[in-house]
Amino acid sequence: MADKLRTDAVQALEGLLFDGMTIMAGGFGLCGIPENLIAAIRASGVKDLTVVSNNCGVDDFGLGLLLAGGQIRKMISSYVGENKLFAELYLSGKLELEFNPQGTLAERIRAGGAGIPAFFTKTGVGTLVAEGKEVREFDGELYVMERGLTADLSIVKAHTGDAEGNLVYRKTARNFNPMMATAGKVCVAEVEELVEVGAIDKDHIHTPGIYVDRVIEGAVYEKRIEQLTTRPRMAEGAGAGEEV
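Conventions and cut-offs
- Residues numbered from 1 in each chain as written.
- Predicted model: local features only at pLDDT ≥ 70, side-chain atom pairs only at ≥ 80, totals over all residues.
- Heavy atoms only, no water.
- Helix = DSSP H or I, 4+ residues; strand = E, 2+ residues; numbered from the N terminus.
- Buried < 20%, exposed > 50% of the residue type's maximum accessible area, 1.4 Å probe, protein only.
- Contact = heavy atoms within 4.5 Å.
- Pairing = 2+ DSSP bridges.
- Axes fitted to C-alpha atoms, helices over the stretch in contact; angles between N-to-C directions.
- Phe/Tyr/Trp six-rings, centres within 6.5 Å; stacked < 30°, edge-to-face > 60°.
- Expected span 1.5 Å × (residues − 1).

With that settled, the discussion passes to the overall build of the protein chain. Secondary structure summary: the protein chain contains six helices and 11 strands in total. The 244 residues of the protein chain split such that 44% are buried. A fraction of 70% describes how many contacts in the protein chain between residues 6 or more apart in sequence connect residues 24 or more apart.

Okay, here's the thing in structure tokens:
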């Protein structure tokens, strides 16, 4: 078995990065993003990147770090989100953006990983999304053709993993990480908890190790929240509507 374990994010990406490459970055908002690998890409100085990701982090965190460093040329995304710099760069013509309906983006990635070059969907027919794409009729309904997506490198983040690259994601982190792990020529995974081979119940594995080339145990996780919303804390013994 090939040795997939690496000591840190820099070592895990060694020999994989080059200018002009396409990178898939897992996560949903700021949930389940490969924080350590993104930081290592930022530090490497690699540029002219095409990045496939649901969104682009926030201004000072996640993929937003690569935007701020001028390293991203094009984003293939479904949501600009809370990143003001993302919006500013796009509107000023300094960043190319390929917008996708969110479900279409997920299916394009899944298709790429499954070796499916294209598929037809009703989503986007008659809108700007369908401009320049083939539209075909099936059973009296119109469908637009979407191409599968692949990448030179996929970076994903799991909650638990082992030395063979078997991964288990937690909750919302499953939205894009699992399909991205299959769609890169090389997949590098960072995990919160590295366990012994055999410790993960085989029925609970979300990404089999066959898809993963390198694994690290992440050093630090901030796990930021884009918009923290809480209820007012109630004082002990307070009645309804009485706040602390």
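Okay, back to it.
Another aspect to go through is the sheet that holds strand 7 (residues 141-147). Strand order in this open sheet of three strands is 5-7-6, and the pairing throughout is antiparallel. Here the strands that pair on one side only, and so sit at the sheet edges, are strand 5 (118-121) and strand 6 (135-138). Sheet twist, expressed as the mean angle between neighbouring strand axes with direction ignored, is 40 degrees. Here four bridges tie strand 6 to strand 7, and the two strands are oriented antiparallel to one another. Residue pairing across strands places Val 135 opposite Val 144, the latter belonging to strand 7.

Quick look at the packing of aromatic side chains now. Applying the stated criterion to the full structure yields three aromatic pairs. Each residue in the set Phe 120, Phe 138 and Tyr 143 is aromatic and connected to the rest through ring pairs, giving one cluster.

Counted at 1.5 Å a residue, the expected span for helix 5 (residues 102-113) with its 12 residues is 16 Å, and the 17 Å between its end C-alpha atoms agrees. Downstream of helix 5 by one or two residues, Gly 115 has phi in the positive range, about 80 degrees.

Here we take up the pairing of strand 7. Relative to strand 7, strand 5 is paired through four bridges, and the arrangement is antiparallel. Counterpart to Phe 119 in the pairing with strand 7 is Glu 146. Counting the residues between successive antiparallel strands, the hairpin from strand 6 to strand 7 contains two residues, one of them, Asp 139, with a positive phi of roughly 50 degrees.

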